[in-house]
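Examining the three-dimensional arrangement
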Amino acid sequence: VGKKVQAIYLWWHKPVIDKELLQSLPNLKVIANSGVGMDHLDLKLVASFGVKMANAPHAVSSSTADTGMALLLASARRLVEAHNISISPSMEYCEADILGVKVAGATLGIIGMGSIGYKIALRAKAFEMNILYHNRTRRKVQEEQAVGATYCKKIDSLLQQADFVMLVVSLTPQTHKLIGKRELELMKPTATLINISRGAVVDQEALVAALQTGVIQAAALDVTSPEPLPRDHPLLKLKNVILTPHLGIKTDKATYMITEEAVENILAALSGLPLPSEVLPS
């Protein structure tokens, strides 16, 4: 059926798009991805076959922003630890030292201020947080003022000031291990790192060491490298870490909207029209 296939809808990186598959589909016109991140695709390889590519940025931004805020709040108030205490057979009273971090008035540093990052800023404003952000390009002044965000041209300045650092960048060669030993040491010892982008944006060995030695206080991660982590990985054993299995976009409505957005891009490509969410190789 290879000659009949004109479109591929990728869900959770399946099917794997390699040279062999592309060669077997001579009439392929478009690949639509179920999400924003395209790091699982060789964009230049796909483009060399004359195939267009699209993602689904509009459908996923709200759900992913919710995941980021959920992780921030859960880590700040030690919800997972408190839950385990509450269901323990020996539970008699809540220990007085289960003290969390106050979110209102704390400083959130957002690294990556695209559509998801901006929606996180909107949520953080409602929690009365001070908002810093670092991005390749600065947002319009009106957009900054709407969420009360301050632009940090240099990432170091953000890291030094933030109580919570939220990673919301795409995985590219430039962002691979963006947060390593040096960056973690710039953060406050009371700071929390939250990653809802891709696991490889963080140097995980450096993160483990930083969490074990008190360089930073905690981490809340929806993404790791690999996914899932090996069952003996040290991140699984640390009390100051919350891990979730890449829940970012996983809500009932977001899943439906992603499919709608993908279908819209596919139909546009098959009709020779501009793709609403086309992704071009850099």
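All values derive from a computational prediction rather than experimental measurement.

Moving on: the environment of Pro89. By the secondary structure assignment, Pro89 is in the loop between helix H4 (79-86) and strand S4 (107-111). Between the C-alpha atom of Pro89 and that of Ala124, which follows or precedes it by 35 residues, the distance is 36 Å.

With that settled, consider the domain arrangement of the protein chain. Annotation of the protein chain at the domain level lists domain 1 (2-55 + 251-271) and domain 2 (60-243). Relative placement of domain 1 and domain 2: their C-alpha centres are 31 Å apart. Each partner contributes residues to the interface: domain 1 has seven residues there, and domain 2 has four residues. Together, the buried faces of domain 1 and domain 2 total about 550 Å²; carbon and sulfur atoms form 58% of this surface. Summed over the shared surface of domain 1 and domain 2, the number is one salt bridge. Where Asp39 meets Arg198, a salt bridge forms, and the shortest distance between an N and an O atom there is 2.9 Å. Here domain 1 and domain 2 share two residue pairs in polar contact (both at pLDDT 80 or more) between them. The residue makeup of the side of domain 1 that touches domain 2, split by class, is three nonpolar, three polar and one charged.

This part takes up the layout of surface pockets. Left-over empty space is what a probe sized like a water molecule reveals as it rolls over the atoms. There is about 450 Å³ of room inside the second largest pocket. Contributing to the lining of the second largest pocket are 21 residues, with Arg78, Glu81, Lys239, Asn240 and Val241 lying nearest its centre. At the level of elements, helix H3 (57-76), H4, strand S9 (218-221) and strand S10 (241-243) are the ones that each hand at least two residues to the lining of the second largest pocket. When residues of the lining of the second largest pocket are assigned to their parent elements, the largest contribution, five residues, is made by H4. Residues of the lining of the second largest pocket, tallied by class, amount to twelve nonpolar, six polar and three charged.

Attention now goes to the environment of Ile242. Mapped onto the fold, Ile242 is located in strand S10. Along the primary structure Ile242 and Ile194 are separated by 48 residues, whereas in three dimensions their C-alpha atoms are 9.3 Å apart. Ile242 has contacts with Leu71, Ala74, Ser75, Val80, Ala219, Ala220 and Leu221, leaving out every residue within four places of it along the chain.

What follows concerns the nonpolar core. In this structure, Leu72, Leu108, Ile110 and Ile120 are the most contacted members of the largest nonpolar core, which totals 34 residues. Going through the elements one at a time, H3, S4, helix H5 (115-126), strand S5 (130-134), strand S6 (149-151) and strand S7 (164-167) are the ones with two or more residues in this core. If one sorts the elements of this core by residue count, H3 sits on top with eight residues. Judged by nonpolar contacts, the second largest core, of 29 residues, contains Val202, Ala206, Leu207 and Leu211.

Below, the discussion takes up the sheet that holds S7. With parallel pairing, the seven strands of this open sheet are ordered in space as S6-S5-S4-S7-S8-S9-S10. Two strands close off the open sheet at either side, each with one partner strand: S6 and S10. The sheet shows a mean angle of 15° between the axes of neighbouring strands, taken without regard to direction.

Taken N-terminus to C-terminus, the directions of H3 and helix H10 (residues 252-270) make an angle of 165°; their axes are 8 Å apart at the nearest point. One element, H3, and the other, H10, form an angle in the roughly antiparallel class. At the point where H3 passes H10, the crossing takes the left-handed sense. Only Ala254, Met257, Ile258 and Glu261 of H10 make contact with H3, whose side of the interface consists of Pro57, His58, Ala59, Val60 and Ser63. Of the residues contributing to the contact of H3 with H10, the split by class is six nonpolar, two polar and one charged.

Another point: the packing of aromatic side chains. Applying the stated rule across the entire model yields two aromatic pairs. Taking 6.1 Å as the distance between ring centres and 70° as the angle between the ring planes, the aromatic pair formed by Tyr9 and Trp11 counts as edge-to-face. Its relative accessible area of 30% is what places Tyr9 among the partly exposed residues. Judged by relative accessible area, which is 34%, Trp11 ranks as partly exposed. Ring geometry for Tyr133 versus Tyr151: centroids 5.2 Å apart, planes at 50°, classification tilted.

Conventions adopted
Residues numbered from 1 in each chain as written. Predicted model: local features only at pLDDT ≥ 70, side-chain atom pairs only at ≥ 80, totals over all residues. Heavy atoms only, no water. Helix = DSSP H or I, 4+ residues; strand = E, 2+ residues; numbered from the N terminus. Domains from an automatic or database assignment. Contact = heavy atoms within 4.5 Å. Buried area = accessible area lost by both parts, 1.4 Å probe. Salt bridge = Lys/Arg side-chain N within 4 Å of Asp/Glu carboxyl O. Polar contact = N/O pair within 3.5 Å; in protein donor to acceptor, adjacent residues only side chain to side chain. Nonpolar A, V, L, I, M, F, W, Y, C, P; charged D, E, K, R; others polar. 1 Å grid on protein atoms, 1.4 Å probe; cavity = no way out; pocket = protein on both sides within 12 Å on 5 of 7 lines; lining within 4 Å. Points joined across faces, edges and corners; volume = space filled by probe spheres on them. Core = buried A, V, L, I, M, F, W, Y, C linked by side-chain atoms within 4.5 Å. Buried < 20%, exposed > 50% of the residue type's maximum accessible area, 1.4 Å probe, protein only. Pairing = 2+ DSSP bridges. Axes fitted to C-alpha atoms, helices over the stretch in contact; angles between N-to-C directions. Parallel < 35°, antiparallel > 145°, perpendicular 65-115°, else oblique. Left-handed = near helix turned anticlockwise from the far one by under 90°. Phe/Tyr/Trp six-rings, centres within 6.5 Å; stacked < 30°, edge-to-face > 60°.

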